[in-house]
Amino acid sequence: MWGGLTDLSYCMLDGNAYSSSLPQDLVTLPHLGYLYASDSVLNGNLNFVASMPHISELWLDQNPTFSASIPSTIANAKTLASFSMTNGGLTGTIPSEIG
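Along each chain, numbering runs from 1 in the same order as the chain's sequence is written. Where totals are concerned, whole chains, interfaces and linings use all residues; where local detail is concerned, this predicted model gives features only for residues with pLDDT of at least 70, and gives and counts side-chain atom pairs only at 80 or more. Values shown for side chains rest on all heavy atoms present in the structure; no hydrogens or waters enter the calculation.

### A few points about the overall build of the protein
Part 1: For the protein, the count of helices and strands is one helix and four strands.
Part 2: The linear arrangement of helices and strands in the protein, starting from the amino end, is β-α-β-β-β.
Part 3: With C-alpha atoms as the basis for the radius of gyration, the globule rule is written as 2.2 Å multiplied by the number of residues raised to the power 0.38. The globule rule puts the C-alpha radius of gyration for 99 residues at 13 Å, and the 13 Å found for the protein is close to it.
Part 4: Taken along the three principal axes of its C-alpha coordinates, the protein extends 35 × 30 × 20 Å. Numbering of helices and strands runs from the N terminus, with a helix taken as a DSSP run of H or I at least four residues long and a strand as a DSSP run of E at least two residues long.

Put into structure tokens, the structure is as follows:
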């Protein structure tokens, strides 16, 4: 579904009830720099962040069903400048690779 949108740079999915993880073909889009999916009933983990080649802002607030830890591989997302997951069900500690 998302794979054909190779020039997409900004995507706002706030307020939708997906009850799933973010699709792999969305998070690996080559020019996606801004992804907002707050209050979307997301679940799964955050391992996909490392495979986002140009992500600058990733806001996943208000997704308490996410229930994930921040993977150390998030440090591989070199362009990530702003990450927010308020009330996102985060577990564990902040990896030493990023803080």
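### Some details on the sheet that holds strand β1 (residues 10-12)
Part 1: Paired strands are those between which DSSP finds at least two bridges. Read across the open sheet, the four strands follow the order β1-β2-β3-β4; overall the sheet is parallel. Where the open sheet ends on each side, the last strands, each with one partner, are β1 and β4 (82-84). Direction aside, neighbouring strands of the sheet carry axes that sit 5 degrees apart on average.
Part 2: With three bridges connecting them, strand β2 (residues 34-36) and strand β3 (residues 57-59) associate as parallel partners. Among the inter-strand pairings, Y34 is bridged to a residue of β3, identified as E57. As a rule, the C-alpha atoms of each element are fitted with a line to give its axis, helices using only the stretch in contact, and angles between N-to-C directions run from 0 to 180 degrees.

### Digging into the side chain of N63
Part 1: Of note, N63 is situated in the loop between β3 and β4.
Part 2: Contacts described as polar in this section are N or O atom pairs within 3.5 Å, which, within protein, must combine one atom able to donate a hydrogen with one able to accept it, while residues neighboring in sequence count only if both atoms come from side chains. Separated by 2.9 Å, the side chain of N63 and the backbone oxygen of A37 make a polar contact.
Part 3: Within the local environment of N63, its side chain forms a polar contact with the backbone nitrogen of V41, the two atoms lying 2.8 Å apart.

### Here we look at the environment of S72
Part 1: Mapped onto the elements of the fold, S72 is located in the loop between β3 and β4.
Part 2: By relative accessible area, which is 36% here, S72 ends up partly exposed.
Part 3: Taking C-alpha positions, S72 is 28 Å from G15, a pair spaced 57 residues apart along the chain.
Part 4: Only heavy atoms matter for contacts: two residues are in contact if any of them lie within 4.5 Å across the pair. When sequence neighbours within four positions are dropped, the list of residues in contact with S72 reads P95 and E97. Remark: exposure states derive from per-residue accessible area (1.4 Å probe, protein chains only) relative to the maximum for the residue type, with buried under 20%, exposed over 50%, and partly exposed in between.

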